[in-house]
Each structure stands twice: as C-alpha cells, then as structure tokens.
Amino acid sequence: SLELFSTSGKLLAGYFDAAKYSAETLAWSPDSRYVAVTATSTRGVGLMSLYLIDTSTLKRRLVANGVFAGASFNPASTRFVFGMSDSQAISAPVNLYTAGVTDGRATQITDNGDSFDPVWARTGIVFDRSTSRGTSKAPVFQLWLLRGGTLRQLTKLKIPALLDGLSPLAADADGNRLIAEYTGTDTSQAWTVQLSPLKVQEVQVGGAPVQGGEISSNGQ
C-alpha cells in the first residue's frame, strides 16, 4: 500500500489495498502539493495505472493506464510529463505525454516511439532515447532536449558493451545544469550535464566515482 504522512509523522491517508496492488512513487511536484504514483496488480497481469494525488485534499485522480517510464513536474507545479507505452512488450513504442495537475486528460508530445525518463527543467524537457531501439543490439541511452516543439540531441557518448548510458535525474533552478546517472551492468555513476555551453562530465570525489541523487537549486 501507499501511505501519506505529514512531516511530523502523522498518518494523513492510505491508498491502494496492499493485497491487490503494488504502489510506487514516481515524482513530487516542486511545491510538494502533488505526487505522481503508479499502481500495479499484485497478480502481475494487465497494465499499470498512473494516479495523481493532491496532498492538500488527499484525493487521488486516475490519469492514464499503460506501462510507465518516468515522470516529472514542470517548475511551476501546474503540469507534469511522463513516459508511457500501451503494451508490456519490450519492443512496444514509448512516448512522452503531458497533463495538467487539475486536468486528467493526457496529451502526447513525442511520436518517435522512443522517449522516456523525462526531467522537466526550466529550459525544457530532458529525456532519454535509445539509439538501438528496434534492432538486435543492446540499448544505448542518449540525452535529448525538447523545447518549444524543437528536439535537440545533447549527448553522443560512445557506450561500451554491457553499459546503457545516461538517464537524467534532476535539474537546477534555472535549468542549465542537470545531474544524470550513467547506468549498466554493475554501474551506477553520477554525471553532470551543462546545457549552455554544453558540457558533459563524470562526477568524482577523491578520484572515485559516486552515485547520483539530487542537484542543488543553484547548480553548484
């Protein structure tokens, strides 16, 4: 089950019967009012359901049914974006959709069938695409930026075998710097991405790689 607590530890509400559903938090809005969660049948059949919970009213709202790949709210906490496929098949197309926090209707914003794990920054929506999708090769993730309907590829890294590439995690307040995770077999490393001027580099502490989590609002 999914339970919502206040910062003082008081139980505010509970959602989903744990005997029937497995629930997972995808993203919180910047103003901490809304949280996007998925609920999956414990029987392991059927699609997932994406809900938006309003912590001020404690009400939940069904947004979409599908297979989801990441979610993120815009800086103003008025809309959110999520990756979604309508099938559990590995080769099924996955695209980005947006919806308002008070309106459950979702609008598709990409049609390449290969857009997932979005982070909504002030400069646009940063997300992953797999350059090997639809082939027999292992997936290779590269970062893209969607801004004002224009797509821009941010990274063109050479990814070794058994590694996947970068997945965006979070952006700073002005949207120019992001923290990302370089993933793959036995690999989880923090990288930073600066959009202007473009600069992509691994984060190390004392010469050793570290795992990524969050980025400060000033990007430092």
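Bear in mind that the values here come from a model prediction, so they are computed numbers and not experimental data.

Student: Explain the side chain of Asp 54 here, please?
Tutor: Structurally, the position occupied by Asp 54 is in strand β5 (residues 48-54). Look at Asp 54 and you get buried, because its relative accessible area is 11%. Those residues in contact with Asp 54 that lie beyond four places of it in its chain are Arg 33, Tyr 34 and Lys 59.

Student: Whenever I open this one, the pattern of salt bridges confuses me. Can you help?
Tutor: For side chains bearing opposite charge, pairing can occur when the charged atoms are close. On inspection of all chains with the given rule, the structure shows 2 salt bridges. The shortest N-O distance in the salt bridge between Asp 54 and Arg 33 comes to 2.9 Å. Remark: Arg 33 occurs in the loop between β3 (21-28) and β4 (34-41) and Asp 54 occurs in strand β5; sequence separation between them is 21 residues. Overall, the relative accessible area of 34% leaves Arg 33 in the partly exposed class.

Student: Which parts of the structure should I look at to understand the sheet that holds strand β9 (residues 103-108)?
Tutor: Within a sheet, neighbouring strands are paired by backbone hydrogen bonds and run either parallel or antiparallel to one another. Taking strand neighbours across the sheet as the criterion, the 7 strands line up as β3-β4-β5-β6-β7-β8-β9 in an open arrangement whose pairing is antiparallel. The open sheet is flanked by β3 and β9, the only strands paired with a single partner. Ignoring which end each strand starts from, the neighbouring axes of this sheet average 40° apart. With 3 bridges joining them, strand β8 (residues 95-100) and β9 adopt antiparallel strand pairing. From the neighbouring strand, Gly 100 faces β9, where its bridge partner is Asp 103.

Student: Explain the environment of Asp 17 to me, please; I cannot follow it from the model alone.
Tutor: By secondary structure assignment, the location of Asp 17 is in the loop between β2 (11-15) and β3. As for Asp 17 and Leu 178, which are separated by 161 residues in sequence, their C-alpha atoms are 36 Å apart.

Student: Sorry if this is basic, but what is going on with the pairing of strand β11 (residues 124-130) here?
Tutor: Regular strands show a simple pattern: their side chains alternate between the two faces of the sheet. Most of β11 is tucked away: 7 of the 7 residues are buried. In terms of strand pairing, strand β10 (residues 116-121) meets β11 through 4 bridges, oriented antiparallel. Note that in β11 the partner of Trp 120 across the bridge is Ile 125. The turn linking β10 back onto β11 is made up of 2 residues. Taken together, the 6 bridges between β11 and strand β12 (residues 141-147) define a ladder with antiparallel strand orientation. Across the sheet, residue Val 126 finds its bridge partner in β12, namely Leu 145.

Student: Help me understand the nonpolar core, please; the structure alone is not making it clear to me.
Tutor: Generally speaking, soluble globular proteins have nonpolar side chains that are buried together. Leu 50, Leu 52, Val 63, Phe 68, Phe 73, Phe 80 and Phe 82 are the most contacted members of the largest nonpolar core, which has 17 residues in total. Residue contributions to this core peak at 5 residues, all from strand β6 (residues 59-73). With residues near it in sequence (within four places) discarded, Leu 50 still touches Leu 26, Ala 36, Val 37, Thr 38, Arg 61, Leu 62, Val 63, Ala 64, Phe 68, Phe 80 and Phe 82. Judged by nonpolar contacts, the second largest core, of 15 residues, contains Leu 163, Trp 191, Val 193 and Leu 195.

Student: Can you help me understand unusual backbone geometry in this one?
Tutor: Generally, phi is negative for residues other than glycine and the peptide bonds are trans, each holding for most cases. The peptide bond linking Ser 196 to Pro 197 adopts the cis configuration, its omega dihedral lying at -10°. Checked against the element boundaries, Pro 197 lands in the loop between β16 (187-194) and β17 (199-202). The backbone of Ser 32 sits at a positive phi, close to 65°, despite the residue not being glycine. You will see that Leu 162, though not glycine, has its phi angle at about 75°, which is positive. For Leu 162, the position within the fold is in the loop between β13 (150-153) and β14 (163-171). Taking relative accessible area as the criterion, Leu 162 reaches 65% and is therefore assigned exposed.

Student: Looking at this structure, I do not really get the environment of Leu 163. What am I missing?
Tutor: In this fold, Leu 163 is placed in strand β14. Here Leu 163 falls in the buried class, since its relative accessible area comes to 18%. When the C-alpha positions of Leu 163 and Gly 124 are compared, they lie 27 Å apart, and in sequence the two are 39 residues distant. Among residues more than four places away in sequence, those in contact with Leu 163 are Pro 139, Tyr 182, Thr 183, Gly 184, Thr 185 and Thr 187.

Quick notes on the rules
- Residues numbered from 1 in each chain as written.
- Predicted model: local features only at pLDDT ≥ 70, side-chain atom pairs only at ≥ 80, totals over all residues.
- Heavy atoms only, no water.
- Helix = DSSP H or I, 4+ residues; strand = E, 2+ residues; numbered from the N terminus.
- Buried < 20%, exposed > 50% of the residue type's maximum accessible area, 1.4 Å probe, protein only.
- Contact = heavy atoms within 4.5 Å.
- Salt bridge = Lys/Arg side-chain N within 4 Å of Asp/Glu carboxyl O.
- Pairing = 2+ DSSP bridges.
- Axes fitted to C-alpha atoms, helices over the stretch in contact; angles between N-to-C directions.
- Core = buried A, V, L, I, M, F, W, Y, C linked by side-chain atoms within 4.5 Å.

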